[in-house]
Amino acid sequence: MALDVAVQMDHVSSISIKGDSTFAICLEAQRRGHSLFHYTPEKLSLRDGRVTVRGEAMELREEEGNHFTLGPAEKRDLGEADVVLLRQDPPFDMAYITSTHILERVQPKTLVVNDPASVRNAPEKIFVTEFPELMPETLITKDIAEVMDFRAEFGEIVMKPLYGNGGAGVFHITREDRNLTSFFETFGLLFREPFIVQRYLKDVRQGDKRIILVDGEIAGAINRVPAETDARSNMHVGGVATATELTAREREICERIGPALKERDLLFVGIDVIGGLLTEINVTSPTGIREVSRFGGNDIAAMIWDAIEARL
């Protein structure tokens, strides 16, 4: 059965198709005969209980630099779509949160993936703290004295914005580093929210493993190795993806969190594991499925659509 699929995303012209998971998911939808309607989150409107968007019909091609065609702008009622893919990138700010409130109004008639209420209530760096036994030591605070005590206890720490993404604003701070107070002051100017501080994991030099789960089950994984000059493993800042196998510990982590993902109807999730410790549960706009496929792993876009179609 052909489905009417609306895609809430950053503008399709801004993506790099080589590694973009949204592109892969939409391309698979198109292969299955589903129609695609593209819109950006600022085009959402709510009036008298009805959610509408202004966007364009979209066709995709596996051609870098010539990867899309958009039809003329038109207004559509999201309540008439079969599926909405919630796929714009963070930051997870009030604009993002507001869009989840609006998208809730089209449920259950329209299936929203991932579930907007669960996305709102499970920000990646807070949701993960429900599983402290799987994590490195972690502090969420805006109190400089707490951060100082945390560094005194563990020596090397990582400090990052609570609602950031893509490795932006991530700092590795050593025991001897005299810039901690300055970092803290700068964060305070940039972010109103608390910060997240974790014990530095030396195993990150061997890689930060991205494990993808579909409907709470393991779908694939890659290892992301940071550049020699960087503490971050994110690929767009120089991290290199490599093939990997899952350890018994990593499978245990997935088995522990899988039921919580299913309970929240978080269909497509990417978790980050360093040295057998869970650091994030990414539910807003997970990435990595093209890299998994490139190294001979599962076609995760197809697995996602199998799961969506099973719900419908």
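This section reports on the structure supplied with the text. (Residues numbered from 1 in each chain as written. Predicted model: local features only at pLDDT ≥ 70, side-chain atom pairs only at ≥ 80, totals over all residues. Heavy atoms only, no water.)

As a further point, take the sheet that holds strand E12 (residues 195–199). Ordered in space as E9-E12-E10-E11, the four strands form an open sheet in which the pairing is antiparallel. Here the strands that pair on one side only, and so sit at the sheet edges, are strand E9 (138–141) and strand E11 (171–173). Across this sheet, the average inter-strand angle for adjacent strands is 25°, counted without regard to direction. Pairing of strand E10 (residues 157–161) with E12, which is carried by five bridges, proceeds in the antiparallel orientation. Paired with Val158 across the bridge in E12 is Gln198. (Pairing = 2+ DSSP bridges. Helix = DSSP H or I, 4+ residues; strand = E, 2+ residues; numbered from the N terminus. Axes fitted to C-alpha atoms, helices over the stretch in contact; angles between N-to-C directions.)

The subject of this paragraph is the pattern of salt bridges. Within this structure, the stated rule accounts for 24 salt bridges. Arg76 is the partner of Glu74 in a salt bridge, and the nearest nitrogen-oxygen pair spans 3.4 Å. Using a relative accessible area of 25% as the deciding quantity, one classes Arg76 as partly exposed. Taken together, the shared-partner salt bridges connect Glu28, Arg31, Arg32, Asp306 and Glu309 into one network. (Salt bridge = Lys/Arg side-chain N within 4 Å of Asp/Glu carboxyl O. Buried < 20%, exposed > 50% of the residue type's maximum accessible area, 1.4 Å probe, protein only.)

Turning our eyes to something else, we now look at the nonpolar core. Within the largest apolar cluster, 40 residues are counted, with the highest numbers of intra-cluster contacts made by Tyr39, Leu78, Phe127, Ile271, Leu278 and Ile281. For this core, the leading source of residues is helix H7 (residues 248–263), giving five residues. When near neighbours in sequence (up to four residues on either side) are disregarded, Ile271 contacts Lys209, Arg210, Ile211, Leu213, Ile253, Cys254, Ile257, Leu278, Glu280, Ile281 and Asn282. (Core = buried A, V, L, I, M, F, W, Y, C linked by side-chain atoms within 4.5 Å. Contact = heavy atoms within 4.5 Å.)

On to the packing of aromatic side chains, then. Aromatic ring pairs are defined here through the distance separating the ring centres and the angle between the ring planes. Applying the stated criterion across every chain yields a total of nine aromatic pairs. With 6.1 Å between their ring centres and 65° between their planes, Phe127 and Phe131 make a pair best called edge-to-face. Accessibility assignment for this pair places Phe127 and Phe131 in one class, buried. Judged by centre distance (5.1 Å) and plane angle (85°), the rings of Phe184 and Phe195 are edge-to-face. Separated by eleven residues along the polypeptide, Phe184 in helix H6 (residues 180–190) and Phe195 in strand E12 bring together distant segments of the chain. One exposure class covers both Phe184 and Phe195, and it is buried. One aromatic cluster is present, formed by Phe171, Phe183, Phe184, Phe187, Phe191 and Phe195 through successive ring pairs. (Phe/Tyr/Trp six-rings, centres within 6.5 Å; stacked < 30°, edge-to-face > 60°.)

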